[in-house]
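# Tertiary structure, described
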Number of protein chains: 2
Amino acid sequence: MNKNENEFIPKWNNEKPLEGTYRSILKWGDPNEFKHPNIKLYKLMKEKFKMTDEDFKQPKNLGLEKVEYDIPIKLTDENIQVFKDIVGEENVKTDNYTRLKVSYGKTMLDLLRLRKGIVENVPDIVLYPKDKYDVKKIVEYCNEEKIPIYVFGGGSTVTRGMECVKGGILLYMKAHMNKVLRFNEINQTITVEPGISGPVLEKNLNNAESLFNAKRAYTCGHFPQSFEYSSVGGWVVTRGAGQNSTYFGKIEDLVMCQEYVTPAGIIKTKEYPATATGPDIDRIMMGSEGCFGVLVSVTLKVFRYMPENQTRFSYIFKNWEDARNAAREIMQGQFGLPSVFRLSDPEETDIALKLYGVEGTKIDNIMSLKGYKPMERCLLLGLNDGDKDFTKLVKKKIYKVCKKYGAMYTTGVVTKGWEKGRFKDPYMREDLQDFGIMIDTLECSVSWENMQYVYEGVRKYCKSRPNTICMTHISHFYPQGANLYFIFIAKMDTIKEYLDYQYGILDNIQKYGAAMSHHHGIGKMTAPWLEAQIGKNEMKVFKVLKQYFDSNNIMNPGGTLGLDLKEKEKRNLLRDF
Amino acid sequence: MNKNENEFIPKWNNEKPLEGTYRSILKWGDPNEFKHPNIKLYKLMKEKFKMTDEDFKQPKNLGLEKVEYDIPIKLTDENIQVFKDIVGEENVKTDNYTRLKVSYGKTMLDLLRLRKGIVENVPDIVLYPKDKYDVKKIVEYCNEEKIPIYVFGGGSTVTRGMECVKGGILLYMKAHMNKVLRFNEINQTITVEPGISGPVLEKNLNNAESLFNAKRAYTCGHFPQSFEYSSVGGWVVTRGAGQNSTYFGKIEDLVMCQEYVTPAGIIKTKEYPATATGPDIDRIMMGSEGCFGVLVSVTLKVFRYMPENQTRFSYIFKNWEDARNAAREIMQGQFGLPSVFRLSDPEETDIALKLYGVEGTKIDNIMSLKGYKPMERCLLLGLNDGDKDFTKLVKKKIYKVCKKYGAMYTTGVVTKGWEKGRFKDPYMREDLQDFGIMIDTLECSVSWENMQYVYEGVRKYCKSRPNTICMTHISHFYPQGANLYFIFIAKMDTIKEYLDYQYGILDNIQKYGAAMSHHHGIGKMTAPWLEAQIGKNEMKVFKVLKQYFDSNNIMNPGGTLGLDLKEKEKRNLLRDF
């Protein structure tokens, strides 16, 4: 019951999508799980987007229709028989629903297309390989026959990573290639197949004592927002980062060695802590995003699982500049790094305080009186991982720096609140889109020196659109810079309007000199910007490697990393809908 | 005066080598500086190598002769004129001495050849490029004319890194390309030309307040044993590591971005803290050891210079197993990492205690009584860098783990002793070789799981040779493994005897599954072993990159990284003398 009986609340969709529908594909996560906007967010949206209760009475484009399309399978019966011989008949799927379910990811454009029943890039067939030997046979055969191969891990791409632009086959790795191959407590490493999901990996490690007869429990330390529905393979090939990466490192820092099946043969690295034996092959394969070969196993570093040692903190700063400077000083202080570290700009802080119910309360008044004013103040939150004395020390040191920059300590409760929602927020995308509201995120990597310039430049573009929320935060910190993350929310009526705005943001990220991605990867979405960021000669290096590994361009073809984009095609990828 | 007047002490060579002599080239470091073996080491050598005072009366092969050889310059006058036009007449050298001085490094084989006047691989001419624009013109011209290019940084290679096997030109980077291009206090980075030496870089950073108007002093944190005579360029292209790398990281961890001039054009990366924009180009260029192009600038992370915070420690363990386990537990404890961390095996510990005069003293007796027995006990030493409270914490935590494994605390004095000699020991090579004693080092990278297997296997081979000292230590530690380092000292009469033994060690490093190098690089010396370590397909990746960057094979040709070695040539590189 609402406090105010007359207050209208939209009927957020709370039903498990029917099997076979577009909605069952586009919905995030568990079909039975939902996270709806609370009343405060609802009011905020009405206010910001100039919407009324009326606008929230009739949801649209729910995608409730059954999947239906007519894209013929181009593979021959002989082709398909070969695949059946390799993986077994039960591991070959050709029905429309299965094909579509794995052809898109969770890029906003994917969801928009699904809502409108726009089906354009589906694989001819879907295969569930049993092991790396299956993959080897498949890749060899596809290379002979020039059949495109796409690889589907968790399906949580936000860059159109594995979209099957050229048809062909899709390898669905979650079905069978999801196993722990070896746990090595001496080295503190675990070797897994790429289709294993984040939670299954983590569960294995947390229960290492019973499962592997280990002396203690472990953690992978890698928790992207998509954690629950992402795969280890996806983390690795896109160069992902978890929300705790400031302490645990990006996936590049966690990968010890890997094995890939490429059209040019097997590439397999070995488990050494560090080497000086020529260029780093692991770093050549990571970031290849399925364009060089299929990842079939990876060995990751693991850490002791010690949640009992975690310490939490949050601070409110008077302004963005003080907050940024404090964050930089913490990063450069050499007393150890926090694990989660996240600094919200004034707009994101304002919305967060609204949603958490702080606005208008006594605490809010006290904050304002003390000089922590709405639309100026900034929230910093985080937690520390590691040894007990270490996490205590880091917390103490952070306190000292924050105080120096005039911050108010707002306890670890705020962090706990953030933790609760950390993997659940994506569920809200569906509710918003049911009423034509887009929410999307773009991120980039920036040095400290360039941080404010990029921040101001990109936000200026974002805010040039009226009635648009643009929450910005800095996360994944380093002594030399950080990840700058933009979340925009706006009422938009067409896919074209959405894309124009998104492309404008990407243009501006590039214009102000940030790297196009810190951890989302490039995929097909950002690919048209890649060459301008890294340079023509540098792009040629990627193309040379591509030509070597995959001379027939069967691996994730159709624009990934911009490797096979001709100049005129670049704008084609950015087509209007 | 000696205590015992009758005691014979060799007349160690204490003279600055005459100009123009082979000795002036082979001698380590400052021509006026020496570090002679002390009486204890002298006695030890006599005992271990079954030598007598008589053997130390007549030094041999001192290389006192003036450099003289007749290897004609193959370049045409026109070629040379072009180079003069590019760099200026004063920056082109063609005399015999200059050519030889830069054609070898400090590989033991180089020193042995110089002592015997064996001159075989010299560049035709030596150029001192003024800046990257000179380099660009030189590379373009050499690529047209197919003239080999070798690059000389500090000249401290121990892998025959830049040996001018194919003649051609040598770029001497120390002369002019030794400048700081930019110091960036906000990002905590410094951009330098590759010819800058370790000490000059460090001096710049330590004096950042006066030189760059910085708020505080900084350090690069990278101190290889060759520090005083190494160049930043050498660190980067070989993937080096400093002795403090356990805290500060390997050079790969310190490099932010780089610029290379390659025959295929400029490769330039940008200053981002981390990215997910395709394969990592920085890690493709690092480790290329001069085979892809010429490094012309590099941006390194820097750290606060806080020597006042350093804490030191040392421990004696009862045995190798306890010591190794304690070291691993420290690495995996997640309380922060020490900076220098070095664990000596029983043989190295025994010699160290002899040399430090501990053997036979009261302390020695007490140690033995307590169970820390000669040829069983192991010495661990180290120091911590960082914030004051952090270094205190790490020291405290290390104490706790060491006590758990039964170690005796032997104070920070031992570390201070080690620090005194850390850059000076190479001076002793000359004294030893004057009497036919070889001292050489080989190192490899090993996971914790494989550590004891490699240790035993390689040492078994080393010790199969009678009268041979093989000191072994572990340094450059990681949670997943470490660098295993072998120092052998032996009386050997011929270069062939030396090489046979060295090749045997390399064979065994490979046989027992270690990586061929953790930080020395591969160069031409270890190259014949590289493919077997990394694999045929992996080697092909290097060759594909080589073909792209340097299709005419003008960059450091003649066996570096094994890129241009045909099967039958492999053994040629390993020729007998």
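Residues numbered from 1 in each chain as written. Chains lettered and ligands numbered in written order. Predicted model: local features only at pLDDT ≥ 70, side-chain atom pairs only at ≥ 80, totals over all residues. Heavy atoms only, no water.

## Looking at the sheet that holds strand 17 (residues 468–478) of chain B
Residue and element names in this part refer to chain B. For clarity, the threshold we go by: Two strands pair if DSSP finds at least two bridges between them. Going along the chain from the N terminus, every DSSP run of H or I of four or more residues is numbered as a helix, and every run of E of two or more is numbered as a strand.
Strand order in the open sheet formed by seven strands is 15-12-14-13-17-18-16, and the pairing between neighbours is antiparallel. Only two strands of the sheet have a single partner each, and these edge strands are strand 15 (408–409) and strand 16 (437–447). One ladder, built from seven bridges, connects strand 12 (residues 311–317) with strand 14 (residues 378–384); its direction is antiparallel. Across the sheet, Phe313 pairs through a bridge with Gly382, a residue of strand 14.

## Observations regarding the side chain of Thr299 of chain A
What counts here: Any two residues whose heavy atoms approach within 4.5 Å at even a single point are treated as in contact.
By secondary structure assignment, the location of Thr299 of chain A is in strand 10 (residues 294–301). Aside from chain neighbours lying at most four places away, what touches Thr299 of chain A is Thr189, Ile190, Thr191, Leu254, Val255, Met256, Cys257 and Glu271 of chain A.

## What to know about the interface of chain B and chain A
Where we set the bar: What counts as buried area is the accessible surface, traced by a 1.4 Å probe, that two parts surrender upon association, with contributions from both included. The working definition used for a salt bridge is a side-chain nitrogen of Lys or Arg within 4 Å of a carboxyl oxygen of Asp or Glu. Throughout this description, a polar contact denotes any pair of N or O atoms lying within 3.5 Å of each other; where both atoms belong to protein, one of them has to be capable of donating a hydrogen while the other can accept it, and for residues adjacent in sequence the pair is counted only when both atoms sit in side chains.
Contacts between the two partners involve 91 residues from chain B, matched on the other side by 91 residues from chain A. Carbon and sulfur atoms supply 54% of the area that chain B and chain A bury against each other, a total of about 7000 Å² over both sides. Per-residue buried area on chain B facing chain A is highest for Pro279, Gln334 and Gln480 of chain B; these three make up 11% of the total on that side. Viewed at the interface, chain A and chain B are joined by 10 salt bridges. A salt bridge links Asp389 of chain A to Lys397 of chain B; its shortest N-O distance comes to 2.7 Å. The interface formed by chain B and chain A contains 50 residue pairs in polar contact (both at pLDDT 80 or more). Considering every element that reaches the side of chain B that touches chain A, the biggest residue donor is helix 22 (residues 536–549) of chain B, with nine residues.

## Quick notes on helix 5 (residues 108–115) of chain B
All names here are of chain B. Operational definition: The buried label applies to any residue whose accessible area, calculated with a 1.4 Å probe on protein chains only, is under 20% of its type's maximum; exposed applies above 50%, and partly exposed to all values in between.
With eight of eight residues buried, helix 5 is to be regarded as a mostly interior element. Along helix 5, the residues classified as buried are Met108, Leu109, Asp110, Leu111, Leu112, Arg113, Leu114 and Arg115. As for helix 5, its buried residues are in contact with helix 1 (22–26), helix 4 (96–101), helix 18 (428–434), strand 16 and helix 20 (495–511). Looking one or two residues beyond helix 5, the residue adopting positive phi is Gly117, at roughly 70 degrees.

## Quick word on unusual backbone geometry
Positive phi outside glycine occurs at Asn61 of chain A, with the angle close to 50 degrees. Topologically, Asn61 of chain A is positioned in the loop between helix 2 (39–48) and helix 3 (77–87). Within the chain, Asn467 of chain B stands out as a residue other than glycine whose phi angle is a positive 55 degrees.

## Remarks on the packing of aromatic side chains
Residue and element names in this part refer to chain A. Note the cut-off: Geometry of aromatic contacts follows a simple scheme: Phe, Tyr and Trp rings, the Trp one being its six-membered ring, pair when their centres are within 6.5 Å, and the pair is stacked under 30 degrees between planes, edge-to-face over 60, tilted otherwise.
Taken as a whole and judged by the stated rule, the model has 64 aromatic pairs over all chains. Aromatic side chains Phe183 and Tyr218 sit 5.5 Å apart centroid to centroid with 55 degrees between the ring planes, which places their arrangement in the tilted category. Here the residue Phe183 occupies a position in strand 5 (residues 180–184), and Tyr218 occupies one in strand 7 (residues 218–219), the gap between them amounting to 35 residues. Each member of the pair, Phe183 as well as Tyr218, is classed as buried.

## Quick word on the packing of helix 3 of chain A against helix 6 (residues 132–145) of chain A
Residues and elements named next belong to chain A. Here is the rule: Helix axes are fitted to C-alpha atoms over the stretch in contact, other axes to C-alpha atoms as well, and angles between N-to-C directions run from 0 to 180 degrees. Here the angle decides the label: under 35 degrees means roughly parallel, over 145 means roughly antiparallel, 65 to 115 means roughly perpendicular, and every other value means oblique. When the near helix sits turned anticlockwise from the far one by under a right angle, the crossing is termed left-handed; a clockwise turn instead gives a right-handed crossing. Note on residue classes: Ala, Val, Leu, Ile, Met, Phe, Trp, Tyr, Cys and Pro are nonpolar, Asp, Glu, Lys and Arg are charged, and everything else, Gly too, is polar.
Packing of helix 3 against helix 6 brings their axes to within 9 Å, and their N-to-C directions diverge by 165 degrees. Accordingly, the angle class assigned to the pair helix 3 and helix 6 is roughly antiparallel. Remark: the crossing between helix 3 and helix 6 carries right-handed chirality. From helix 3, Glu78, Asn79, Val82, Phe83, Ile86 and Val87 reach across to helix 6, where they touch Asp134, Lys137, Ile138, Tyr141, Cys142 and Glu145. Here the residues of the contact of helix 3 with helix 6 are counted per class, giving seven nonpolar, one polar and four charged.

## Overview of a positive patch on the surface
Quick note on the threshold: Patches here: salt-bridge-free residues with over 30% relative accessible area, like charges joined within 9 Å, nonpolar side chains (Val, Leu, Ile, Met, Phe, Trp, Tyr) joined within 5 Å. Computed with a 1.4 Å probe, the accessible areas rest on the Shrake-Rupley method; for each residue, only the protein chains presented here act as cover. In this tally, Lys and Arg are treated as positive and Asp and Glu as negative; His is ignored, and so are the chain termini. We put the charge of a Lys on NZ, of an Arg on CZ, of an Asp on CG and of a Glu on CD.
A contiguous patch of positive charge on the surface is contributed by Lys388 and Lys392 of chain A together with Lys396 and Lys400 of chain B. Secondary structure elements with two or more residues in the positive patch: helix 16 (388–404) of chain A together with helix 16 (388–404) of chain B. Inspection of the secondary structure puts Lys396 of chain B in helix 16.

## Notes on the relation of the copies chain B and chain A
Spelled out, the test is: A least-squares fit on C-alpha atoms brings the copies together, and the residues used are those whose pLDDT is at least 70 in both copies.
The transform that puts chain B on chain A rotates by 180 degrees and translates by 0.0 Å along the axis, for an RMSD of 0.0 Å. Seen this way, the second copy is the image of the first under a two-fold rotation axis. Comparing interface residues between copies, 100% of those in chain B also lie at the interface in chain A; the contact surface is shared.

## Notes on the side chain of Glu348 of chain B
Residues and elements named next belong to chain B. One can find Glu348 in helix 14 (residues 346–355). Here the side chain of Glu348 touches His473 through a polar contact of 3.0 Å, side chain to side chain. Sequence-distant contacts of Glu348, that is, excluding residues within four places in its chain, are made with Arg342, Met471, Thr472, His473 and Ile487.

## Some thoughts on the pairing of strand 17 of chain B
Residues and elements named next belong to chain B. Most of strand 17 is tucked away, with 11 of its 11 residues classed as buried. Bridge count between strand 17 and strand 18 (residues 481–491): 10 bridges; the pairing is antiparallel. Residue pairing across strands places Tyr478 opposite Gly481, the latter belonging to strand 18. In this antiparallel pair of consecutive strands, strand 17 and strand 18, the connection spans two residues.

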